[in-house]
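# Commentary on secondary and tertiary structure
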Amino acid sequence: MIREAREGDWPAIWPIVHDVVTERRTFAYDPALTEGDARRMWLLAPPARVVVALDGDRVTGTANMYANRPGPGSHVASGSLMVAKEARGTGVGRALTTDLIGWARRSGFAAIQFNAVVDVNVAAVRLYESLGFVTLGTAPGAFRHPDEGDVGLRIMWLDLR
């Protein structure tokens, strides 16, 4: 189940964000990110939207979604999705991405652009492609992966028109 995040969800969201960021495999965020900075960065105010994925009462993932750029770029949505370690591969990422696509359509966005999908994050790339996203281009070596070295960052796009 996906629902809007509530203020009281942060203690369950923070470990997911912390794990993903400190793994340094999928997000170009500083691994020294503090909890306070993470909270300010993740829990965006409306008109942005923040959700959690639930398995019973347990938070298994989270996403935020927003206009990719202000002003002339505000007709294109973007977002970030994170899944708890123990829930990866169980469909949580697909549920969060499908929810983001639905929100973007309902909100009248023309497209969704993911600005920095790590090229070797095969699970995310396959998921996004299965939902209709295409890779517009890759910035070679733009991400320092702890095992693979310098790898590309993809810009992925889903046209909603």
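As shown above, the structure is provided for reference.
Please read all numbers here as calculations on a predicted model, not as lab measurements. (Residues numbered from 1 in each chain as written. Predicted model: local features only at pLDDT ≥ 70, side-chain atom pairs only at ≥ 80, totals over all residues. Heavy atoms only, no water.)

Looking now at the overall build of the chain. Per the secondary structure count, the chain includes 4 helices and 7 strands. Scanning the chain from its N terminus toward the C terminus, one meets helices and strands in the order β-α-α-β-β-β-α-β-α-β-β. A compact globule built from 161 residues would reach a C-alpha radius of gyration of about 15 Å, and the chain, at 15 Å, matches this within 12%. For the chain, the residues scored as buried account for 45% of the 161 residues in total. A fraction of 58% describes how many contacts in the chain between residues 6 or more apart in sequence connect residues 24 or more apart. By element, 52% of the accessible surface of the chain is carried by carbon and sulfur atoms, the whole surface being about 8300 Å². Between the centroid of the 18 positive side chains of the chain and the centroid of its 18 negative side chains there is a distance of 4 Å. (Helix = DSSP H or I, 4+ residues; strand = E, 2+ residues; numbered from the N terminus. Rg over C-alpha atoms; globule rule 2.2 N^0.38 Å. Buried < 20%, exposed > 50% of the residue type's maximum accessible area, 1.4 Å probe, protein only. Contact = heavy atoms within 4.5 Å. Areas by Shrake-Rupley, 256 points an atom, 1.4 Å probe, with all protein chains shown as cover. Lys, Arg positive; Asp, Glu negative; His and termini not counted. Charge placed at Lys NZ, Arg CZ, Asp CG, Glu CD.)

What follows concerns the packing of helix α1 (residues 10-23) against helix α2 (residues 35-42). Relative to each other, α1 and α2 sit at 105°, their axes nearing to 11 Å. The angle between the axes of α1 and α2 places the two elements in the roughly perpendicular class. Here Trp 10, Ile 13, Trp 14 and Val 17 of α1 come into contact with α2, specifically with Glu 35, Ala 38, Arg 39 and Trp 42. Class assignment of the residues belonging to the contact of α1 with α2 gives a composition of 6 nonpolar, no polar and 2 charged. (Axes fitted to C-alpha atoms, helices over the stretch in contact; angles between N-to-C directions. Parallel < 35°, antiparallel > 145°, perpendicular 65-115°, else oblique. Nonpolar A, V, L, I, M, F, W, Y, C, P; charged D, E, K, R; others polar.)

A few words now on the environment of Arg 88. Within the fold, Arg 88 resides in the loop between β4 (76-83) and α3 (92-106). For the pair formed by Arg 88 and Pro 15, sequence separation is 73 residues and the distance between their alpha carbons is 14 Å. If we ignore the near neighbours within four places in the chain, the residues touching Arg 88 are Val 20, Glu 23 and Val 83.

What follows deals with the nonpolar core. Membership of the largest hydrophobic core comes to 43 residues, with the highest contact counts inside it found for Val 17, Met 82, Leu 96, Ile 112, Phe 114, Tyr 128 and Phe 133. For this core, the leading source of residues is α1, giving 7 residues. The contacts of Tyr 128, once residues within four sequence positions are left out, are Leu 81, Thr 97, Phe 114, Val 117, Phe 133 and Met 156. (Core = buried A, V, L, I, M, F, W, Y, C linked by side-chain atoms within 4.5 Å.)

Once that is clear, we can look at the pairing of β4. Of all the 8 residues making up β4, 8 are buried; the element is thus mostly covered by neighbouring parts of the structure. Of the two faces of β4, the one holding Val 76, Ser 78, Ser 80 and Met 82 and the one holding Ala 77, Gly 79, Leu 81 and Val 83 are both buried throughout. Two strands pair when backbone bridges link them, and strand β3 (residues 58-67) and β4 are joined in this way by 7 bridges, in the antiparallel orientation. Residue pairing in the sheet places Thr 62 in a bridge with Met 82 of β4. Read from β4 through α3 to strand β5 (residues 111-118), the crossover connection turns out right-handed. (Pairing = 2+ DSSP bridges. Right-handed = clockwise from strand over helix to strand, strands pointing away.)

So, on to the side chain of Arg 3. One can find Arg 3 in strand β1 (residues 2-4). A polar side-chain atom of Arg 3 sits 2.7 Å from a polar atom in the side chain of Asp 9. Arg 3 has contacts with Asp 9, Val 50, Val 51, Val 52 and Leu 54, leaving out every residue within four places of it along the chain. (Polar contact = N/O pair within 3.5 Å; in protein donor to acceptor, adjacent residues only side chain to side chain.)

Attention now moves to the pairing of β3. The element β3 is largely enclosed, with a buried count of 7 among its 10 residues. As paired strands, strand β2 (residues 49-55) and β3 are joined by 7 bridges and run antiparallel to one another. Its bridge partner lying in β3, Val 52 is registered against Thr 62. In sequence, β2 turns back onto β3 through a hairpin of 2 residues, with Gly 56 there showing a positive phi of about 70°.

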